[in-house]
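What the coordinates show
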Amino acid sequence: MEVAAPDIKFTRLYDERGLPLSPEHDNRRPWLLSEIYFTRPRGYVSHRERGHLWNIARRHYFDVALQPISAVPQFIGGWSPAELTETDEYRWCGRRGVIGLQGVTGEAVLRLDFSIARELVPEQPKVRVLLNGKPIDTIAVSAESTVREWHVTPAPAGAPNTLELQIDKVYNSVARHTGEDPRDLGIRLHFLSFGPA
């Protein structure tokens, strides 16, 4: 995008199931440009035959799709507004953040890329991940950044899903007399992916 269309604003997502963390930009529906590995491509698809090149090169960009993102996540509760850098976005939550996700038929894949305040790393907080009220995992966080992926069972009959993230410790720079940010900072979500397995 930076080379071929430098005037078009874009935000990086994690993969072909990636979801934006901010509302629609300029009241326009977001589109996803992604290499396709695991899902069925939709929209405008570029396909290269898997001939001799497939066996001598890195197996990338043989299937690429430009497709509309049909359902953006709803940040229901506990989340600060999205913060943007040039091509990345992230959101903070405190002790608990709830996200509404689209319905998926059959098994789904959930992938999270998140971090915590570096000041919390020595305290090794625990992050709980729940989908539709059912625990998926509890992670003892011992590094600033964490990436996890799970195969999950979504709500039945393609009904909407509710993702909940919880953390047992937060960092407040005002309370600790180290800064001026009054928020309780728990989880900083960088990338969210959710879709069919």
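Look a little higher up for the structure.
**Some details on the overall build of the protein**
- On a plain count of helices and strands, the protein comes out with one helix and 13 strands.
- Its helices and strands taken in sequence order, the protein reads β-β-β-α-β-β-β-β-β-β-β-β-β-β from the N to the C terminus.
- Each of the 197 residues in the protein was classed as buried or not, and the buried ones make up 41%.
- Here the analysis covers contacts within the protein between residues at least 6 apart in sequence; of these, 69% occur between residues at least 24 apart.
- Roughly 11600 Å² of accessible area belongs to the protein as shown, and the carbon and sulfur atoms make up 51% of that amount.

**Considering the packing of aromatic side chains**
- Within the structure shown, the criterion is met by one aromatic pair.
- For Arg188, the ring lying beneath its charged end belongs to Tyr90, and the centroid distance is 3.6 Å.

**Digging into the pairing of strand S9 (residues 126-131)**
- Taken together, the six bridges between S9 and strand S10 (residues 134-140) define a ladder with antiparallel strand orientation. The residue bridging Leu130 from the neighbouring strand is Pro135, located in S10.
- The turn joining S9 and S10, which pair antiparallel and follow one another in sequence, is formed by two residues; a positive phi near 55° is taken by Asn132.
- Sheet analysis places S9 next to strand S12 (residues 161-167), joined by five bridges and oriented antiparallel. Residue pairing across strands places Arg128 opposite Gln166, the latter belonging to S12.

**Observations regarding the nonpolar core**
- Counting 36 residues, the largest nonpolar core has Leu110, Leu112, Val129, Leu163, Leu189, Leu192 and Phe194 as its most contacted members.
- Counting residues per element, the ones that place at least two in this core are strand S5 (74-79), strand S7 (89-101), strand S8 (108-115), S9, strand S11 (145-152), S12 and strand S13 (187-196).
- Among the elements that take part in this core, S7 stands out by supplying five residues, more than any other.
- Beyond its immediate chain neighbours, meaning those up to four positions away, Leu189 contacts Leu21, Phe75, Trp79, Glu89, Tyr90, Arg91, Ile99, Leu112, Asp113 and Phe114.

**What about the pattern of salt bridges?**
- One pass over the structure, following the stated rule, counts six salt bridges.
- With a closest N to O distance of 2.0 Å, Glu149 and Arg111 form a salt bridge. Here the residue Glu149 occupies a position in strand S11, and Arg111 occupies one in strand S8, the gap between them amounting to 38 residues.
- Under the relative-accessibility criterion, Glu149 is labelled partly exposed at 38%.
- Take Arg111: its relative accessible area is 15%, and that puts it in the buried class.

**Side note on the side chain of Ser22**
- Relative to the helices and strands, Ser22 is located in the loop between strand S1 (18-19) and strand S2 (31-35).
- For Ser22, a relative accessible area of 10% gives the class buried.
- A polar contact is formed between the side chain of Ser22 and the side chain of Glu89, at a distance of 2.6 Å.
- Discounting chain neighbours no more than four positions away, the residues touching Ser22 are Ala82, Leu84, Glu89 and Arg91.

**Some remarks on unusual backbone geometry**
- One non-glycine residue, Asn132, adopts positive backbone phi at about 55°.
- Structurally, Asn132 can be placed in the loop between S9 and S10.
- The class for Asn132 is partly exposed, based on a relative accessible area of 30%.
- A positive phi is found at His177, a non-glycine position, where the angle reads about 60°.
- Residue position: His177 is located in the loop between S12 and S13.

**Comments concerning the environment of Arg95**
- By secondary structure assignment, the location of Arg95 is in strand S7.
- It is 9.8 Å that separates the C-alpha atoms of Arg95 and Tyr171, two residues lying 76 residues apart in sequence.
- Contacts of Arg95, omitting those with residues within four sequence positions, involve Leu165, Gln166, Ile167, Asp168, Lys169 and Val170.
- Here Asp168 takes part through its backbone oxygen, which lies 2.7 Å from a polar atom of the side chain of Arg95.

Thresholds applied
- Residues numbered from 1 in each chain as written.
- Predicted model: local features only at pLDDT ≥ 70, side-chain atom pairs only at ≥ 80, totals over all residues.
- Heavy atoms only, no water.
- Helix = DSSP H or I, 4+ residues; strand = E, 2+ residues; numbered from the N terminus.
- Buried < 20%, exposed > 50% of the residue type's maximum accessible area, 1.4 Å probe, protein only.
- Contact = heavy atoms within 4.5 Å.
- Areas by Shrake-Rupley, 256 points an atom, 1.4 Å probe, with all protein chains shown as cover.
- Phe/Tyr/Trp six-rings, centres within 6.5 Å; stacked < 30°, edge-to-face > 60°.
- Lys NZ or Arg CZ within 6 Å of the ring centre and 35° of its normal.
- Pairing = 2+ DSSP bridges.
- Core = buried A, V, L, I, M, F, W, Y, C linked by side-chain atoms within 4.5 Å.
- Salt bridge = Lys/Arg side-chain N within 4 Å of Asp/Glu carboxyl O.
- Polar contact = N/O pair within 3.5 Å; in protein donor to acceptor, adjacent residues only side chain to side chain.

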